[in-house]
Amino acid sequence: MGPCIVFRYDDSTSPERRPEYWVWDVWPRNLIREPALRTYDVHAAVRESERLTADVA
């Protein structure tokens with residue numbers, strides 16, 4: 001399967017939490033591997049996902 005973006009909060013208990021996006025190069029993700037990108041910028045996450053998708057096709 002292709003890449004995916006996982007949305008999460010950097011600290012789910014903090015009132016100052018920020019959304020964080022993890023881009024995985026394969027889905028279902030392999031928890032042993034690190035994500036291809038971890039970012040707070042949704043646009044950067046989408047660009048990385050598109051780049052990874054282009055490599056799959």
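Above this text you will find the structure in question.
## Focus on the sheet that holds strand β2 (residues 19-24)
Item 1. Pairing is antiparallel in the open sheet, where three strands are placed in the order β1-β2-β3. The open sheet has two edge strands with one neighbour each: β1 (4-9) and β3 (37-39). Neighbouring strand axes in the sheet, compared pairwise and without regard to direction, differ in orientation by 20° on average.
Item 2. Pairing of β1 with β2 involves six bridges; the strand directions are antiparallel. Directly across from R8, in β2, lies its bridge partner E20.

## Quick look at the pairing of β2
Item 1. Burial within β2 is extensive, with five of its six residues counted as buried.
Item 2. Sheet topology note: the β2/β3 ladder contains three bridges and is antiparallel. Paired with V23 across the two strands is L37, which belongs to β3.

## Looking at the environment of P28
Item 1. Inspection of the secondary structure puts P28 in the loop between β2 and β3.
Item 2. Residue classification places P28 among the exposed residues on the basis of a relative accessible area of 61%.
Item 3. Between the C-alpha atom of P28 and that of C4, which follows or precedes it by 24 residues, the distance is 8.5 Å.

## Remarks on the packing of aromatic side chains
Item 1. Counted under the stated rule, the structure contains three aromatic pairs.
Item 2. Measuring from centroid to centroid gives 5.4 Å for F7 and Y9, while their planes differ by 70°, and the two rings are edge-to-face.
Item 3. Overall, the relative accessible area of 46% leaves F7 in the partly exposed class.
Item 4. Overall, Y9 belongs to the partly exposed group, its relative accessible area being 34%.
Item 5. Taking the centre distance of 6.1 Å and the plane angle of 45° together, the rings of W22 and W24 count as tilted.
Item 6. The exposure class of W22 is buried, given its relative accessible area of 18%.
Item 7. Residue W24 is classed as buried on the basis of its relative accessible area, which comes to 4%.

How each quantity is defined
Here the residue numbers are simple positions, counted from 1 along each chain's written sequence. Where totals are concerned, whole chains, interfaces and linings use all residues; where local detail is concerned, this predicted model gives features only for residues with pLDDT of at least 70, and gives and counts side-chain atom pairs only at 80 or more. Hydrogens are left out, water is left out, and the side-chain values use all remaining heavy atoms of the structure. Here the rule is simple: two strands pair whenever DSSP picks up at least two bridges between them. Helix and strand labels come from DSSP, where a helix needs a run of H or I of at least four residues and a strand needs a run of E of at least two; each type is numbered from the N terminus. Axis definition: a line fitted to C-alpha atoms, over the contacting stretch in the case of helices. Angles run 0 to 180 degrees between N-to-C directions. Only protein chains enter the area calculation, which uses a 1.4 Å probe; residues under 20% of their type maximum are buried, those over 50% are exposed, and those in between are partly exposed. Aromatic contacts are taken between Phe, Tyr and Trp rings whose centres are within 6.5 Å, Trp giving its six-membered ring; a plane angle under 30 degrees counts as stacked, one over 60 as edge-to-face, and the others as tilted.

Don't take any of this as a statement about function, it's just geometry.
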